[in-house]
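Commentary on secondary and tertiary structure
Each chain, letter by letter, is given below.
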Amino acid sequence: MKKKRITSTAAHLAINGGPPVRKKTPPQKMLVDEAEARAVAAVLKSGRLTSLSNDAVERFEKAFAAYCGTKHCVAVNSGTAALHVALAAAGAGPGDEVIAPPYTFIATVSAIIQQNAVPVFADIDRDTLNIDPARVEEKITRRTKAVVPVHLFGLPADMDRITAIAKRRGITVIEDACQAHGALYKGRKVGSMGDMACFSFQESKNMAAGEGGAIVTNSGALADKCRIIRHIGMAAKYEYVALGYNYRMPAMSAAVAHAQLGKLDSFNERRARMADYYREKLVGLPVKTYDPPPGTVSANHLFPITLPTSGIEHTFEIYKALAAENVPVWWVYPRPLNSVDFIKNKRAYSKGCPFDCPHAAPAKAGGGCPVADELSARTLVLVTAPCYSEAVARDTVKAIWKVLPEFL
Ligand SMILES: Cc1ncc(COP(=O)(O)O)c(C=O)c1O
């Protein structure tokens, strides 16, 4: 292979003044039609817009639980709220530890800290980018309350091994399925294997409501707790039984989510086709792509590619050059969460809480996450959103073939 170049002066690259592959980066939008418009209009015209007065939320909950193959669904107003509620329902609190991967969106971990529990990072597997069950087991202590496997970029985490470890060690499994609606693990929908699972319906997700979220579970007791925590701790009218929040999903969001649920499988088929296209067209370039492990079907939320770059600066130059070509390629998680300043320096709340509070165990030395460190610095994602046409996918591939050889 040629010697790697950190920068390129190639005149045909848009970053150096050449013509870009596309005139403008196409905006990512939700795919909506009359179905969503009609559903929202019906709620709006009813004049009853809250879940307390309109049954649109309950109807969506039933439909989403049925889709996931779970007994219960509790809809909330974001994926972050879903994680917070699930962790609260699991009883995670001061002095408890919750194991999570460092390579994920911040909300996975901020929800743990919001519950005043300490996030403990377990490194990821280099072939799936998901939490490595062997590393989870190493991080379990008598303080471990829960583990939060994330089905990152739509690819299911190794749930058999994770649930077996959790059962043996008596800890709760909360799936972060915010990027994996409809993904399959050994024939089961993700979200149906943990004690609870959390979804996001934020605008960019495989099915969306603009903003929104849900917890699904097979446990009636956990579902009841989640409902109370979501609704300001109220079990019945003005009967406050726990610390709660107002995380209720608005009825109009439920109407949108319900209409989107009916299209989820077709959206996921489009994502799968785009992922297959990327996989095929990138052959010949020195980039690593991620195939779903046997027995799993990815929801293809995003399509990660790992570059053979020499470090974060090198990746940044390539990323900037691709962005200049106006194609939808992002660098979503350039650094793992254990290196985020407020987490690393334990500055979440005042007085060191939750990390150094009197209830917490003194942090153990060492034990970083070298795989996440390495791969976050070298992994970009291609966008598989169903709003994108085949022309966008073609141009994305074109831009990658144009840019990469100039830098590698
Ligand atoms: C893995 C993961 N967890 C949690 C969330 C939080 O969801 P929301 O943005 O709806 O709060 C997201 C959303 O981006 C996510 O990707």
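Source: prediction; values computed, not measured.

1. Points about the sheet that holds strand β2 (residues 97–100)
- Pairing within the open sheet is mixed, and its 7 strands lie in the order β1-β9-β8-β5-β4-β2-β3. Every other strand in the sheet has two partners, leaving β1 (72–76) and β3 (118–121) as the edge strands with one partner each. Neighbouring strand axes in the sheet, compared pairwise and without regard to direction, differ in orientation by 25° on average.
- With 4 bridges connecting them, strand β8 (residues 196–200) and strand β9 (residues 213–217) associate as antiparallel partners.

2. Quick look at the nonpolar core
- Among the nonpolar cores identified, the biggest contains 83 residues, and Ile174, Met196, Ile215, Ile305, Leu322 and Leu404 are the most heavily contacted of them.
- For this core, the two domains that each supply at least three residues are domain 1 (14–29 + 264–334 + 377–407) and domain 2 (34–262).
- The residues touching methionine 196, leaving out its near neighbours within four places in the chain, are Ala86, Ala89, Ala90, Thr172, Val173, Ile174, Glu175, Ile215, Val216, Thr217, Leu222 and Cys226.
- Judged by nonpolar contacts, the second largest core, of 48 residues, contains Cys68, Ala75, Val216 and Ala255.

3. Side note on the domain arrangement of the chain
- Segmentation of the chain into domains returns domain 1 (14–29 + 264–334 + 377–407) and domain 2 (34–262).
- On a C-alpha basis, the centroid separation for the pair domain 1 and domain 2 is 28 Å.
- Taken together, the 24 residues of domain 1 in the interface contact 30 residues of domain 2.
- In total, domain 1 and domain 2 occlude about 2200 Å² of area from one another, counting both sides; carbon and sulfur atoms represent 57% of this.
- Its largest share of buried area at the contact with domain 2, domain 1 owes to Leu264, His301 and Tyr333, together 34% of the area lost on that side.
- For the pair domain 1 and domain 2, the number of links is 1 salt bridge.
- Seen at the junction of domain 1 and domain 2, the total is 14 residue pairs in polar contact (both at pLDDT 80 or more).
- If you list the elements that add at least two residues to the side of domain 1 that touches domain 2, you get α9 (264–281), β12 (296–297), β13 (302–306) and β15 (379–383).
- Among the elements that make up the side of domain 1 that touches domain 2, the one with the highest residue count is α9 (5 residues).

4. Focus on the packing of helix α2 (residues 56–68) against helix α8 (residues 251–261)
- In the contact formed by α2 and α8, the axes pass within 8 Å of each other and the chain directions differ by 30°. On the basis of their axis angle, the class for α2 and α8 is roughly parallel. Where α2 crosses over α8, the handedness of that crossing is left-handed. Taken together, the residues of α8 that come into contact with α2 (itself represented by Ala56, Val57, Arg59, Phe60, Ala63, Phe64 and Tyr67) are Ala251, Ala254, Ala257, His258 and Leu261.

5. A word on the pattern of salt bridges
- Going through the model one piece at a time under the given rule, you end up with 23 salt bridges.
- One salt bridge in this structure joins glutamate 36 and lysine 263, with 2.8 Å as the shortest N-O distance. You can see glutamate 36 sitting in helix α1 (residues 34–46) and its partner lysine 263 sitting in the loop between α8 and α9, a full 227 residues away along the chain.
- For lysine 263, a relative accessible area of 15% gives the class buried.
- Note that arginine 135 is salt-bridged to aspartate 132, the shortest N-O span being 3.5 Å.
- Overall, the relative accessible area of 12% leaves aspartate 132 in the buried class.
- Salt bridges sharing common partners tie together Asp33, Glu36 and Lys263.

6. Considering the sheet that holds strand β7 (residues 188–189)
- The antiparallel open sheet is built from 3 strands, whose spatial order is β7-β6-β12. Both edges of this open sheet fall to β7 and β12, since each of them pairs with a single strand only.
- Both strand β6 (residues 184–185) and β7 contribute to a ladder of 2 bridges, which runs antiparallel. Bridge pairing in β7 links tyrosine 185 to arginine 188.

Reading the values: rules and limits
- Residue numbering note: each chain is counted from 1, following its sequence as written.
- With the structure being a predicted model, the display of local features is reserved for residues of pLDDT at least 70 and the display and counting of side-chain atom pairs for 80 or more, all residues being used for whole-chain, interface and lining totals.
- Just so you know, side-chain values use all the structure's heavy atoms and leave hydrogens and water out.
- In this analysis, strands are considered paired if DSSP registers two or more bridges between them.
- Helix and strand definitions follow DSSP, with helices as H or I runs of at least four residues and strands as E runs of at least two, each counted in order from the N terminus.
- To obtain each axis, a line is fitted to C-alpha atoms, and for helices this fit is confined to the stretch in contact; angles are then taken between N-to-C directions over 0 to 180 degrees.
- Each nonpolar core is a collection of buried residues, namely Ala, Val, Leu, Ile, Met, Phe, Trp, Tyr and Cys, held together in the definition by side-chain atoms within 4.5 Å.
- Relative accessible area decides the class of each residue, using a 1.4 Å probe on protein chains only: under 20% of the type maximum gives buried, over 50% gives exposed, and in between gives partly exposed.
- Where each domain begins and ends is defined by an automated method or by a domain database.
- Note on contacts: a residue pair qualifies if any of its non-hydrogen atoms lie within 4.5 Å across the two residues.
- Buried area is a sum: the accessible area each of two parts loses on coming together, probed at 1.4 Å, counted once for each and added.
- Here, a salt bridge means any Lys or Arg side-chain nitrogen found within 4 Å of an Asp or Glu carboxyl oxygen.
- Side-chain atoms alone can form a polar contact between residues adjacent in sequence; in general such a contact is a pair of N or O atoms within 3.5 Å, and within protein one must be able to donate a hydrogen while the other accepts it.
- Here the angle decides the label: under 35 degrees means roughly parallel, over 145 means roughly antiparallel, 65 to 115 means roughly perpendicular, and every other value means oblique.
- Crossings are sorted by hand: turned counterclockwise from the far helix by less than a right angle, the near helix makes the crossing left-handed, and turned clockwise it makes it right-handed.

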